[in-house]
Amino acid sequence: MTMNQPVSPWVGRSVKRIEDAGLLSGQGRYIDDLPTTPATLHAAIVRSPHAHATISNIDISRAEKCRGIAAVLIGRDICEMTRSMTVGVKADVECWPIAVDRVRYVGEPVAIVVGESRYLAEDAADLVEVSYDTLPPVVDPVAALDKDACVLHPSLGSNLINERAFRYGNPEAAFAQAPHRVSVEIAYPRNSCTPIETYGVIASYDPGEDSYDIDANFQGPFSIHAVVARALKVAGNRMRLKTPRDSGGSFGIKQGVFPYMILMAVAARKAGRPVKWIEDRLEHLAASVSATNRVTRIEAAVEADGRITALDWDQIEDCGAHLRAPEPATLYRMHGNMTGAYAIDNVAIRNRVVLTNKTPTGLNRGFGGPQVYFALERLTQRIAVELGLDALDVMRRNLVPAGAFPYRTASGALLDSGNYQAALDKALAEGNYEALCDRRDAMRAEGRLYGIGLACVVEPSVSNMGYITAVLTPGQRAKAGPKNGAQATATIGIDPLGAVSVKVASVPQGQGHRTVLAQVVADELGLAPDDISVVADVDTGRDAWSIASGNYSSRFAAAVAGAAKIAAERIRGKLVQVAAAQLNVPPDEVVFAGGRAAARGNPDNALSFARVAAAAHWAPGTLPDGVDQTIRETAFWTPEQLTAPNALDEVNSSLCHGFIFDFCGVEIDRKTGETRIDRYVTMHDCGTILHPAMVDGQVRGGFAHAVGAALLEEYAYGEDGSFQSGTLADYLIPTIMEVPEPQILHFESPSPFTPLGAKGVGEGNCMSTPVCLANAVADATGFADIRLPLLPARLADLLSGDEPQPKNPPVAREAMPVRSGQRKLTGEGAAEVVADRETVWKMLLDPKTLETIIPGAHGVEKVTDTHFRADVTLGVGPVKGRYRAEIELSDLNAPESVTLSGGTEGALGFGEGQGRITLEDLGEGRTRVSYTYEAAIGGKVASVGGRLLDGAAKVVIGQFFKALAGHAGGGNSTDSRLPGWLQQLFGRRT
């Protein structure tokens, strides 16, 4: 190849990923792989079993005395050493990373136990005794607004923490003039992402410097660094945050690790040694963060042909127990995009943020987009149905015109580029939409439930920091000062041997930073990607970063890679000057290619890149005038289009906007209600494609997440606030068997606002796919009210209608009351004991005998003749914990019958129950012991063992009576509700 021949750029090619060799061979370096000093302690967290309760007392004395325990911290300790975390709205409310006086969700931290090992810390955590006085839970966000609803934060005065109303154009006039009004009401559920790697923190404290050093698999640092430093009462330069090179997935969720950064930092300070905490899977499901659930009513003013002239949004956002930064980001990230891909000039919006007794919310892949587009695209489909139009025609008539870009939306977004009509047409043609319509007709002719769904969305990327300030009024924003923009940083370094390295303030979670950045820089410097070393960890004490830095909101390709291109261009400009002087040619004659710098017209007049690049190290005196150095170049890139919200509340929420058009065909099983995705086509315009294979992977990953959100996943809470999705048996995520092969298509309209023309692509299907599938189900069934997830049982109920009521319904007996967060259990059975009634009666009242026969009992204390206290260790499935039990005897009719009632409380849960035991004399020194019981168990043991509790309770009670029979001299037992094999386990069936 000569210097006159064109060089094929690396960007745009699916080169082999640099990351894969290490990751696939087990050489990844994650938070739990980082080396720690021998002095490092380990933390375990005691969490609330209740959704809502005041803390009347915490006794940590027994835990503190345990072997290997260095410290136990509770709310007052955290309050003494920290400040309340910053809340993103103006409200009289405090936000602590641990419960102080009151717990507000199941799983909220109540105490931190620090020990020589995690095992010792967990054992001691079981001995932390917390006394609660339960309060009425608030779970439904609409009910949370009721004037008589229990208030989570008394200082706030209500559960409404923020409300704002917006008006763009003249929506009132548009609605008055419109011939049609169409509306939908949506209750979008909570769901989350489940990365393979959970949260992790390693923290240490230097008393001499009054500074903290924290390693965490956080995806910041962005603005949360300031929140953490402020909470720890130190300047930002005394809170060094480091993130490891590798992350086992995040999808937004690891933003939520920051309260634990505060807790472990304080624990390290109190213990005087470094503290490490790795979250387990059960903790992550119950108490990390989830996406917000949102109740939306949206109404459209519609012309006869389906053209939308106005939208009226009413959104109630449920942010859980605390409004933690950066929330309410999920509600406002899409504020400029409330019209989606449509040209609608008149918009009214009412936003309310409420607090409920659920896990605090945070960022989740596509955050804000799924909630908005589910409502908007369900509305589009309903317009077509109610006006008797084709849904595709309704979309076409409302799309932003092809020649209108950059296009300003009613609420302020600046859509940078696109041709939505051309992308849609390409998808229909290449995806063979007509054949899918024919297939639907044929399937319906056979009597099958088959439907087609459509969705088109705008995918925002590179968030404007200013969007979150739309939660404030213009007056409040003016007083606080402007906040806006985005910033990405990249540093190019050259060592004395001429080797090139790249450093960015963004940690990868699967985006392929090392590969793509190497491609970008290699193109600028005439090298191969293998010649470029990319440093992929972050250290706020070492690296160039800003408050906007981090890996979130699809900003890598558009912003971070773009900043690397700018830094490479700058250092290349200097190297051109150096090479021109050494080659004795004009600067515009210098070409970098193939690892050399050469004269364009004379390829033999060339030097190695290394020699030119290292000149600043070895011979700085030879650098030409105007070149200060070629050792290091740092670029800070800030796009001018991201301005602060103006006085009219118009805000360009994001810098660039991709476009997605999806269509699919689904079949619903009439008997089971199962949704089968028959075909799925997804068209993406993500601007310039930097690495086709990785874009394909990002689309597939987003699609898999979206299929889970549409068909399986939901953070479910009971009316009492109990968490009901605590294991991967209850919170179902899709596997390869549930995710079909999508047909992925592309249309490229490079963004004029980003250095590489790239836009985001990793979140889009999370926004488009749930509503596309829901529209297909609505088309198949004719149902207007479609709820996510599309569970078979839910659809089967709709298909079958209401079940007929029995002619003679059974009379319900009075049920035992159930406390907040409990799961109800009932049972009955009998055991035959080789002992007379008087002997058995005495055994039931003897603490030594009870200690022997109660499963897991460590000791039974007789408080009075009818009151006993016991320590018990029990396990249900994956959960094992220590409990304090109180047992009361009443309705004694010696030696015939007695009622037992009592309760248990422990770090892993709580419960209470009552049972009636009767003793029947069978003669010949034998007694039949019969029992009935009702119990209610709550907390972690109930949330994670939901599918196991009924059986486990029967097992425990069966063990009790088997032990009673054995202690009395043997016998038979039976439980009328036990399977045969369990009855055989406990004794011969009678």
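Quantities reported herein were computed from a predicted structural model and do not represent experimental measurements.

A few words now on the sheet that holds strand β4 (residues 102-103). The strand order across the open sheet formed by three strands is β4-β2-β6, and the pairing between neighbours is antiparallel. On the outer flanks of this sheet lie β4 and β6 (129-134), each paired with one strand and no other. In this sheet, β6 lies alongside strand β2 (residues 53-59) in antiparallel orientation, the contact comprising six bridges. If you follow Ala53 over to β6, its bridge partner there is Thr134.

Turning our attention to the side chain of Ser751. By the element assignment, Ser751 lies in the loop between β29 (743-746) and α20 (764-781). At 3.1 Å, the side chain of Ser751 forms a polar contact with the backbone nitrogen of Phe753.

Attention shifts here to the environment of Thr682. Within the fold, Thr682 resides in strand β28 (residues 675-685). A relative accessible area of 1% places Thr682 in the buried class. Ignoring anything within four residues of it in the chain, the contact list for Thr682 reads Ile660, Phe661, Asp662, Val699, Gln743, Ile744, Leu745 and Asn765. A distance of 2.6 Å separates a polar atom in the side chain of Thr682 from a polar atom in the side chain of Asp662.

The geometry of helix α15 (residues 513-525) relative to helix α16 (residues 556-583) is characterised by a closest axis approach of 9 Å and an angle of 30° between their N-to-C directions. Our classification of the angle between α15 and α16 gives roughly parallel. For the crossing formed where α15 meets α16, the hand is right-handed. Counting all contacts with α15, which are made through His513, Val516, Leu517, Val520, Val521, Glu524 and Leu525, the residues of α16 involved are Phe556, Val560, Ala561, Ala564, Lys565, Ala568, Glu569, Ile571, Arg572 and Leu575. Each residue belonging to the contact of α15 with α16 can be placed in one class, and the counts come to twelve nonpolar, one polar and four charged.

Let us look at the nonpolar core. In terms of nonpolar packing, the biggest core is built from 161 residues, with Ile214 and Phe661 touching the most fellow members. It is helix α7 (residues 258-271) that provides the largest number of residues to this core, a total of eleven residues. When near neighbours in sequence (up to four residues on either side) are disregarded, Ile214 contacts Val201, Ile202, Ala203, Leu232, Met239, Arg240, Leu241, Lys242, Met261 and Ala265.

The next subject is the environment of Ile18. Inspection of the secondary structure puts Ile18 in the segment before α1 (20-24). For Ile18, a relative accessible area of 27% puts it in the partly exposed group. With sequence-adjacent residues up to four places away left out, Ile18 is seen in contact with Arg514, Thr515, Ala518 and Pro529.

On to the packing of helix α6 (residues 224-231) against α7. Here α6 crosses α7 at 30°, and the two axes come no closer than 10 Å. With respect to α7, the element α6 is oriented roughly parallel. The element α6 and its partner α7 pack so that their crossing is right-handed. Between α6 and α7, the contacting residues are Ile224, Val227, Val228 and Ala231 on the first element and Phe258, Met261 and Ile262 on the second.

Where helix α22 (residues 837-844) is concerned, the buried positions are Arg837, Val840, Trp841, Met843 and Leu844. Viewed along the axis of α22, the buried residues span an arc of 160°, placing them on a single side of the element. Structurally, the start of α22 carries an N-cap: the backbone nitrogen of Glu838 is 3.3 Å from a side-chain oxygen of Asp836.

This part takes up the sheet that holds strand β15 (residues 346-354). Spatial ordering of the open sheet is given by β7-β15-β14-β13-β8, a layout of five strands whose pairing is mixed. For this open sheet the edge positions go to β7 (160-168) and β8 (180-188), each flanked by a neighbour on one side alone. Strand-to-strand twist of the sheet, defined as the mean angle between neighbouring strand axes without regard to direction, takes the value 5°. For β7 and β15, the ladder comprises eight bridges, and the chain directions are antiparallel. Bridge assignment links Ala165 to a residue of β15, and that residue is Arg350.

Rules and cut-offs
- Residues numbered from 1 in each chain as written.
- Predicted model: local features only at pLDDT ≥ 70, side-chain atom pairs only at ≥ 80, totals over all residues.
- Heavy atoms only, no water.
- Pairing = 2+ DSSP bridges.
- Helix = DSSP H or I, 4+ residues; strand = E, 2+ residues; numbered from the N terminus.
- Polar contact = N/O pair within 3.5 Å; in protein donor to acceptor, adjacent residues only side chain to side chain.
- Buried < 20%, exposed > 50% of the residue type's maximum accessible area, 1.4 Å probe, protein only.
- Contact = heavy atoms within 4.5 Å.
- Axes fitted to C-alpha atoms, helices over the stretch in contact; angles between N-to-C directions.
- Parallel < 35°, antiparallel > 145°, perpendicular 65-115°, else oblique.
- Left-handed = near helix turned anticlockwise from the far one by under 90°.
- Nonpolar A, V, L, I, M, F, W, Y, C, P; charged D, E, K, R; others polar.
- Core = buried A, V, L, I, M, F, W, Y, C linked by side-chain atoms within 4.5 Å.
- Arc of directions from axis to C-beta.

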